[in-house]
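Examination of the molecular architecture
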Number of protein chains: 2
Amino acid sequence: MDMTESANPFALPRSCSHCRLGHLCLPRACSFQELGLLDTVIGYQPPYPPKQRIFSQGSPFHSCYVVKSGSVKTVYVNEQGEEKVLGFYLPSEMFGFEGIFQDSHTCSAIALERTTICHISFRNLEQLATQLPSLQHWMFRMMSHELNILEQLNRWLSQNCAEERIIGFLLDLSARQSARNLSPTRFRLTMNRSDIANFLGMALETVSRILARLQRDRLLDIRGREVIINDLATLNRFKSMDDNANDGLNRHLIGRG
Amino acid sequence: MDMTESANPFALPRSCSHCRLGHLCLPRACSFQELGLLDTVIGYQPPYPPKQRIFSQGSPFHSCYVVKSGSVKTVYVNEQGEEKVLGFYLPSEMFGFEGIFQDSHTCSAIALERTTICHISFRNLEQLATQLPSLQHWMFRMMSHELNILEQLNRWLSQNCAEERIIGFLLDLSARQSARNLSPTRFRLTMNRSDIANFLGMALETVSRILARLQRDRLLDIRGREVIINDLATLNRFKSMDDNANDGLNRHLIGRG
DNA sequence: CGCGCAGTTGAGAACACTCAAATACTGTGG
DNA sequence: CCACAGTATTTGAGTGTTCTCAACTGCGCG
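Keep in mind the model is a prediction, meaning the values are calculated, not measured.

1. Some points on the protein's contact with DNA strand D
By nearness alone, 15 residues border DNA strand D, and A:A162, A:T206, B:R193, B:S208 and B:R209 come closest of all. The protein-proximal atoms of DNA strand D, defined as those within 4 Å of the protein, are 56% sugar or phosphate. A distance of 2.7 Å is found between a phosphate oxygen of DNA strand D and a backbone nitrogen or oxygen belonging to A:A162. Between DNA strand D and the protein, one listed contact pairs a phosphate oxygen with a side-chain N or O atom of B:R225 at 3.4 Å. Per element, the largest residue contribution to the surface near DNA strand D is four residues, and it comes from helix α6 (residues 204-216) of chain B. Of the residues belonging to the surface near DNA strand D, the class tally is five nonpolar, four polar and six charged.

2. Some details on the sheet that holds strand β8 (residues 116-121) of chain A
Residues and elements named next belong to chain A. On the basis of which strands lie adjacent, the open sheet formed by four strands has the order β1-β8-β3-β6 and antiparallel pairing. The open sheet is flanked by β1 (42-44) and β6 (94-95), the only strands paired with a single partner. Pairing of strand β3 (residues 63-69) with β6 involves two bridges; the strand directions are antiparallel. Among the inter-strand pairings, Y65 is bridged to a residue of β6, identified as F95. On top of the sheet, helix α2 (residues 122-131) reaches β3 and β8; it is set at about 60° to β8, its chief contact.

3. Section: the state of the cysteines
In a disulfide, the sulfur atoms of two cysteines are held together by a covalent bond. Residue and element names in this part refer to chain B. Counted by the stated rule, this structure contains zero disulfides over all chains. Free cysteine: C30, not disulfide-bonded; nearest cysteine sulfur from C16 at 8.2 Å. Look at C30 and you get buried, because its relative accessible area is 14%.

4. Some words on the pairing of strand β8 (residues 116-121) of chain B
All names here are of chain B. The buried count for β8 comes to six of six residues, which makes it a mostly enclosed element. Burial along β8 is two-sided: T116, C118 and I120 facing one way and I117, H119 and S121 facing the other are all buried. The sheet contact formed by strand β3 (residues 63-69) and β8 spans six bridges and is antiparallel. Following the sheet pairing, C64 is matched in β8 by I120.

5. Quick word on unusual backbone geometry
Positive phi is not limited to glycine here, since A:K51 has a value of about 75°. Inspection of the secondary structure assignment puts A:K51 in the loop between β1 and β2 (53-55). The phi angle at B:R218 is positive, at roughly 65°, despite the residue not being glycine. Note that B:R218 resides in the loop between α6 and β10 (220-223). Since its relative accessible area comes to 64%, B:R218 is described here as exposed.

6. Considerations on the protein's contact with DNA strand C
Surrounding DNA strand C, one finds 16 residues, the nearest of these being A:S208, A:R209, B:A162, B:M202 and B:T206. The sugar-phosphate portion of DNA strand C accounts for 57% of its atoms within 4 Å of the protein, the bases making up the rest. Within the side chain of A:R225, a nitrogen or oxygen atom sits 3.2 Å from a phosphate oxygen of DNA strand C. A distance of 3.1 Å separates a base oxygen of DNA strand C from a polar side-chain atom of B:R209.

7. Considering the environment of A:H137
Tracing the chain through its elements places A:H137 in helix α3 (residues 133-159). Among the residues examined, A:H137 registers a relative accessible area of 27% and is labelled partly exposed.

8. Quick word on the sheet that holds strand β10 (residues 220-223) of chain A
Residue and element names in this part refer to chain A. With antiparallel pairing, the three strands of this open sheet are ordered in space as β9-β11-β10. Both edges of this open sheet fall to β9 (186-188) and β10, since each of them pairs with a single strand only. Each neighbouring strand pair of the sheet contributes to a mean axis angle of 15°, computed without reference to strand direction. Helix α4 (residues 162-179) rests against β9, β10 and β11 (226-229) of the sheet, and its axis sits at about 105° to β9.

Parameters at a glance
- Residues numbered from 1 in each chain as written.
- Chains lettered and ligands numbered in written order.
- Predicted model: local features only at pLDDT ≥ 70, side-chain atom pairs only at ≥ 80, totals over all residues.
- Heavy atoms only, no water.
- Near = heavy atom within 4 Å.
- Polar contact = N/O pair within 3.5 Å; in protein donor to acceptor, adjacent residues only side chain to side chain.
- Helix = DSSP H or I, 4+ residues; strand = E, 2+ residues; numbered from the N terminus.
- Nonpolar A, V, L, I, M, F, W, Y, C, P; charged D, E, K, R; others polar.
- Pairing = 2+ DSSP bridges.
- Contact = heavy atoms within 4.5 Å.
- Axes fitted to C-alpha atoms, helices over the stretch in contact; angles between N-to-C directions.
- Disulfide = S-S within 2.5 Å.
- Buried < 20%, exposed > 50% of the residue type's maximum accessible area, 1.4 Å probe, protein only.

It is worth stressing that arrangement in space is one thing and function is another; only the former is reported here.
Printed below as a string of structure tokens:
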């Protein structure tokens, strides 16, 4: 215990100033002098174990959240009890501000694995934002970014066939890996087939079949949840049928931040 | 010319303080004393004729926009030149802040009929927001609202069959009519079948066929673009298969604000 | 070692799509 | 005011992607 942050990804960071993800996160909006102020709005919790909820649909909105390590899915449950997976969040990605509007969360957030989260008091963040115009602007940009991602996802889901959606999903994950300096061609899916299918609006059997086909065509290798992308170029050609915008921070081509 | 605002819906308003849509719009965020400040960030233009663009995909982002009268669609065009209709906007509804993130618009906005628009300088609005915390909060809420709408739309598009999507679309329009004190059961579609189909992610023939079926079942009457909803209760039963959130301001059940 | 969950594979059915043609509207000019 | 061109909408027939149901395999954990 008490290892340095870089040695133990689950260690609680002392401060935003020392966070390795700072270049992708709130500190980006602040000058060096302002960085200390961020720590006044951010809280830390011990890691969440797999399947644990960070917040629940309908619960009061107090905070936004940033994934520090691990991954998270957000889920909406309707009156019939049917689940809809709304998105997946990887380290440095922020979620929870869907709750601002109604002052309560419209979905639940659930850890997909052992996951560390920074909690950002929204009330305090808002107050700080009135004093730091660059922070205010950064927040508007983040929310606008989320809008862009959702619009792109809408396009994706309503215009593309099952195969294109799956390829887009994998390439999105790949790009988000890259943004964090991880391999864009080798990674582990932290969600199961059912979550992927639900997120992409198709049957889980379809996901399975299409992944098998892509593997047969040697475009990728997938064993369980381990993915190795063999032919990024060809896959990109499938995908680039649609995309030309929203690459501002080299994140989230489709899917969620 | 120079008629009072209520007599001529296309007359340029003198100020937000006198706008009939104030209870649904920015003035809602301001105290009486602050109302005057709003006028410093808002500009007016002569009405846009049908099919005219309010802004174009890729153009620099300067303003957000509110529909004062008429209606607007937003459209994304991909590399192949295929269009995707992203949303429809009715009076009091705000659009354009998808452009904040990249500082340029990621879609085009096009008037569907003769339409009056209020232009809100975003730079000025941001500056004003640092001085009026309630305005800042209102903006966060509006953007969060847009997120809610898009997430709901995502759910709708990926979980529901064609018939349910069309019913949801009509009921959404109906609810938005209500919010402006117009009849929820009789209204005119300002977009063509192709736009509806594109927005809902289906073929226009499917829209046509399903509307014919709903008419045959006496749930509604539709002649061209004139809609009369006969059996709101039954239609709602179809739709309420899914919804229980996002009714905060009694607007946009699906579709866009 | 076996139970349970996750994932794969197969067969048949259904919904929505495409192509094609007919009909109804809209706006314009004579 | 009517005729006409062009567009919008409806309707039909056949096809295809994806879904559902069902059985089977593999993996992890107690």
